[in-house]
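Structural overview
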Amino acid sequence: MVKEITYRPQGVCSRAYHIVASDGVIDSIDIVGGCDGNLKGIASLLRGMKIEDAIERMSGVTCGSKPTSCPDQIARALRQLQQGQQ
């Protein structure tokens, strides 16, 4: 089953994530804003990964003195996608 979410992160430079997953595996992540090269790299590394593995690896990652980061926000978006929220 294909699931999609558009998520608006908070507390980071990126402005939106559009994530598509099928059968618990990440198909694609499109990221608007933020550190372009780093986020393209993260999106590429996540493609084909199980959602639960991505959440486990990225949850709680911080950026400098911020309590969150783009990877942490992606993990939150993936958690919402798993739970069927939009």
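Now for a quick tour of the structure. Nothing here was measured: the structure is a model prediction, and the numbers come from that model.

Description of the overall build of the protein chain
Summing up its helical and strand segments, the protein chain has three helices and three strands in all. Counting helices and strands in the order they occur from the N terminus, the protein chain gives β-β-β-α-α-α. A globule of 86 residues ought to have a C-alpha radius of gyration of about 12 Å, and the protein chain, at 12 Å, matches this closely. By principal-axis analysis of the C-alpha atoms, the protein chain measures approximately 40 × 20 × 20 Å. Burial statistics for the protein chain: of 86 residues in total, 37% are counted as buried. Sequence-distant contacts, at least 24 apart, represent 42% of the contacts inside the protein chain between residues at least 6 apart. Accessible surface computed for the protein chain: about 5000 Å², of which carbon and sulfur atoms make up 50%. The distance from the centre of the 10 positive side-chain charges to the centre of the 9 negative ones in the protein chain is 6 Å.

Re the pairing of strand β3 (residues 25-33)
Bridge analysis of strand β2 (residues 14-22) against β3 gives eight bridges, and the strand direction is antiparallel. Each residue of the ladder has a partner; that of Tyr17, found in β3, is Ile31. Between β2 and β3, which pair antiparallel one after the other, the connecting turn spans two residues, and Asp23 there sits at a positive phi close to 50°.

Notes on the packing of helix α2 (residues 51-58) against helix α3 (residues 70-82)
It is at 8 Å that the axes of α2 and α3 come closest, and there the two elements cross at 145°. The hand of the α2/α3 crossing is left-handed. Here Ile51, Glu52, Ala54, Ile55 and Met58 of α2 come into contact with α3, specifically with Pro71, Asp72, Ile74, Ala75, Leu78, Arg79, Leu81 and Gln82. Residues belonging to the contact of α2 with α3 are distributed by class as follows: nine nonpolar, one polar and three charged.

Considerations on the packing of aromatic side chains
Centre-to-centre distance and the angle between the planes together describe a pair of aromatic rings. Applying the stated criterion across every chain yields a total of one aromatic pair. Both rings, one in Tyr7 and one in Tyr17, keep their centres 6.1 Å apart while their planes meet at 10°; by these two values the pair is stacked. With a gap of 10 residues between them, Tyr7 in strand β1 (residues 2-7) and Tyr17 in strand β2 connect regions that are remote in the sequence. Tyr17 sits in the buried class, given a relative accessible area of 1%.

Rules of the game
- Residues numbered from 1 in each chain as written.
- Predicted model: local features only at pLDDT ≥ 70, side-chain atom pairs only at ≥ 80, totals over all residues.
- Heavy atoms only, no water.
- Helix = DSSP H or I, 4+ residues; strand = E, 2+ residues; numbered from the N terminus.
- Rg over C-alpha atoms; globule rule 2.2 N^0.38 Å.
- Buried < 20%, exposed > 50% of the residue type's maximum accessible area, 1.4 Å probe, protein only.
- Contact = heavy atoms within 4.5 Å.
- Areas by Shrake-Rupley, 256 points an atom, 1.4 Å probe, with all protein chains shown as cover.
- Lys, Arg positive; Asp, Glu negative; His and termini not counted.
- Charge placed at Lys NZ, Arg CZ, Asp CG, Glu CD.
- Pairing = 2+ DSSP bridges.
- Axes fitted to C-alpha atoms, helices over the stretch in contact; angles between N-to-C directions.
- Left-handed = near helix turned anticlockwise from the far one by under 90°.
- Nonpolar A, V, L, I, M, F, W, Y, C, P; charged D, E, K, R; others polar.
- Phe/Tyr/Trp six-rings, centres within 6.5 Å; stacked < 30°, edge-to-face > 60°.

Limitation: the analysis is restricted to geometry and does not speak to function.
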